[in-house]
Amino acid sequence: MASIPGLRSPFGDWEDTASRGLIVVVAIVLAWYTWGRWGDFQVDCGKELYVPCEILRGKLLYRDIWYPYGPLPPYVGALLIAIFGPHLVVFYLFGIVVAIGCAILLFELGAMLEGRAAGLTAALALLFAGFGPGFANYVFPYSYAATIGLALSLICALFTLRHLSGRWGYNLLLAGFVASVAPLCKVEFGAACYLMLAFVLVMEATSERSIRPLFHGIAACSPGVVLWVAIYGWFFWTVTPALMFKGNWLGPGSYFSHTGGAHLYYLNRDAVPRQMLLLILSAVLGPRLWFLLAKASRGPRNVVLAILVAIAVACRFGFLVWAARAASELLVFPEGMFFIGCGFVAYSTYELVTKGDRRRLAEAAFGIFALVPALRVFEGITPYGYSIYFAMPLFLVFVVAISRCIKVATPALSVNQQRGLVNYLLAAEVVILALICIPQTSEHFATLETSWGAIRLKADEANVARQILAFMSEQKREGRQVAVLPEAPILYALAETEAPSRWYTLLPGFLSPAQEDVYIADLSRAAPDYILVTGRKTRE
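Residues numbered from 1 in each chain as written. Predicted model: local features only at pLDDT ≥ 70, side-chain atom pairs only at ≥ 80, totals over all residues. Heavy atoms only, no water.

So, the overall build of the protein
Check the secondary structure of the protein and you find 22 helices and 4 strands. Against the compact-globule benchmark of 24 Å for 540 residues, the protein has a radius of gyration of 24 Å, which places it among compact chains. Along the longest, intermediate and shortest principal axes, the C-alpha atoms of the protein span 80 × 60 × 50 Å. Relative to its full complement of 540 residues, the protein shows a buried share of 56%. In the protein, 41 side chains carry a positive charge and 35 a negative one; their mean positions are 8 Å apart. (Helix = DSSP H or I, 4+ residues; strand = E, 2+ residues; numbered from the N terminus. Rg over C-alpha atoms; globule rule 2.2 N^0.38 Å. Buried < 20%, exposed > 50% of the residue type's maximum accessible area, 1.4 Å probe, protein only. Lys, Arg positive; Asp, Glu negative; His and termini not counted. Charge placed at Lys NZ, Arg CZ, Asp CG, Glu CD.)

Quick notes on the pattern of salt bridges
Tallying each qualifying case throughout the model produces 17 salt bridges. E54 is the salt-bridge partner of K59, the closest N and O atoms lying 3.0 Å from each other. When its relative accessible area of 28% is taken as the criterion, K59 is described as partly exposed. Note on E54: relative accessible area 2%, which makes it buried. (Salt bridge = Lys/Arg side-chain N within 4 Å of Asp/Glu carboxyl O.)

Here's the deal with the side chain of S180
The residue S180 is located in helix α7 (residues 171-181) in this model. Ignoring sequence-local partners within four residues, the contact set of S180 consists of Y194, G224, V225, L227 and W228. (Contact = heavy atoms within 4.5 Å.)

With respect to the packing of aromatic side chains
By convention here, two paired aromatic rings are described through the distance between centres and the angle between planes. Inspection of the entire model under this criterion finds 29 aromatic pairs. With a centroid separation of 5.1 Å and 85° between ring planes, the pair formed by Y62 and F235 is classed as edge-to-face. Note that Y62 is positioned in the loop between α2 (47-56) and α3 (72-84) and F235 in helix α9 (residues 212-239), a separation of 173 residues in sequence. Looking at Y62, the relative accessible area reads 2%, which means it is buried. The exposure class assigned to F235 is buried, which follows from its relative accessible area of 6%. When the ring centre of F445 is taken as reference, the NZ or CZ atom of R37 above it lies at 5.2 Å. One Lys or Arg, R376, reaches over the ring of Y386 and ends 4.9 Å from the middle of that ring. (Phe/Tyr/Trp six-rings, centres within 6.5 Å; stacked < 30°, edge-to-face > 60°. Lys NZ or Arg CZ within 6 Å of the ring centre and 35° of its normal.)

Notes on the nonpolar core
Generally speaking, nonpolar side chains in soluble globular proteins are found buried as a group. F41, L127, F128, F131 and F395 are the most contacted members of the largest nonpolar core, which has 189 residues in total. Broken down by element, the residue count for this core peaks at 15 residues, all from helix α4 (residues 88-113). (Core = buried A, V, L, I, M, F, W, Y, C linked by side-chain atoms within 4.5 Å.)

Considerations on the pairing of strand β1 (residues 445-450)
Sheet topology places β1 next to strand β2 (residues 453-458); 6 bridges connect them, and they run antiparallel. If you follow E449 over to β2, its bridge partner there is A454. Between β1 and β2, which follow one another and run antiparallel, lie 2 residues. (Pairing = 2+ DSSP bridges.)

Quick word on the packing of α7 against helix α8 (residues 187-208)
Relative orientation of the contacting elements α7 and α8 amounts to 150°, with a least axis distance of 9 Å. Relative to α8, the element α7 lies roughly antiparallel. Where α7 crosses over α8, the handedness of that crossing is left-handed. Contacts between α7 and α8 pair L172, A175, G176, A179 and S180 from the former with C193, Y194, L197 and L201 from the latter. (Axes fitted to C-alpha atoms, helices over the stretch in contact; angles between N-to-C directions. Parallel < 35°, antiparallel > 145°, perpendicular 65-115°, else oblique. Left-handed = near helix turned anticlockwise from the far one by under 90°.)

Take a look at the structure:
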């Protein structure tokens, strides 16, 4: 197959090496700055410790332990504990390595699609968003399935773009193999990989007017398919399909998706038309504002950027929060980014089909890849929450789009002048994102010492958690069992105890009426001596 001449290959020169080094340095500084404040003691956090511990006790995933994601992450966690012991720092370092890997992969992909500045912008944005407190971070996340799945899918995208660039090697075969591992983490990322590969194979066969490239591509990707089919097939055979779906699945079609799960997709079913209109408006205004900013003369442009930076600084001190949110939703991290991605894919595909511009094949393929996981959060794309996992490839598409808008707005400038302006405006984007996303350290945190290591929590939370762990540990020594409701699996892990049932999380709507009966039977059989109810907010 002919290579795509406009597609830049990574690993080019010393400036790329310096950019990768900057990514690593920024990650290390952020890790030092936010050390120990990751995770949440109550909300959607802790199963990444508890489930691996249960696996090491001989429990079988999905049958003996409820788990809603792919099997790879909990077994990786179990391996880490088996090798290094139960230490939080091991998981912290693992999460930091995954975060650095994802950032560098985004940089490489951005450099291939648009240039070094675009890749570096997306990479730094991922790091700024990925070291926040709570459950939404890369170091100690709600699930390592999201971070590992993202990393694997980005590797697949990188091999796919290398294949399209005509580089020698087994890039398509490797892309197919990595695509087969991604569904073992999160189904969304596996679907993104396979849809991207399917689009590439079909378009290659169409452009060459031959079925041979399609068969060749299918043959290259088939060995990987065997891997995930065999692993999931074994679990379905051992656990039974009914328990796999009804006893673990929380996605579309599950009982939870019809009860408490609508918030996970950020949809207000009573206002869908209005939401779609606002998202489309955001998608139209965002690139247009960057176009106007690039077209403006230097003086007004600098004034606008200074105002935006000042608003972001004021937001860090609790002022003009509404203005910072508006700037983020329209200009810096648009809520309508999903529709920007749709437009990007449509335009790239049109250019590919009508003009035979093969440079657009990589852009359209990556755009499709970015859109699939973003469906999970498409109405709630922000630099916080679940978006920091599912929307970061789409953010790279957004950065590529605004880079193109800047160039279109300045046709009179030379190539070097355009590049300088793009670098300048993207640097402003990075500064504003850093001010908005990097967490404050002014709030007082207290250290909670546990058998796994130290955790830094808000002072009142640390005090309560210390009392709970002391109580659970004391009851364990006396042979008594404590059940924790509705959700705090991290307490079971840190106290080295077990939940009385395969379900360790009972948020509203999680269990169907039949499953509630099973849980009550499990609770009666285990007969815990104490039931501890936490004050978790359950907006679900």
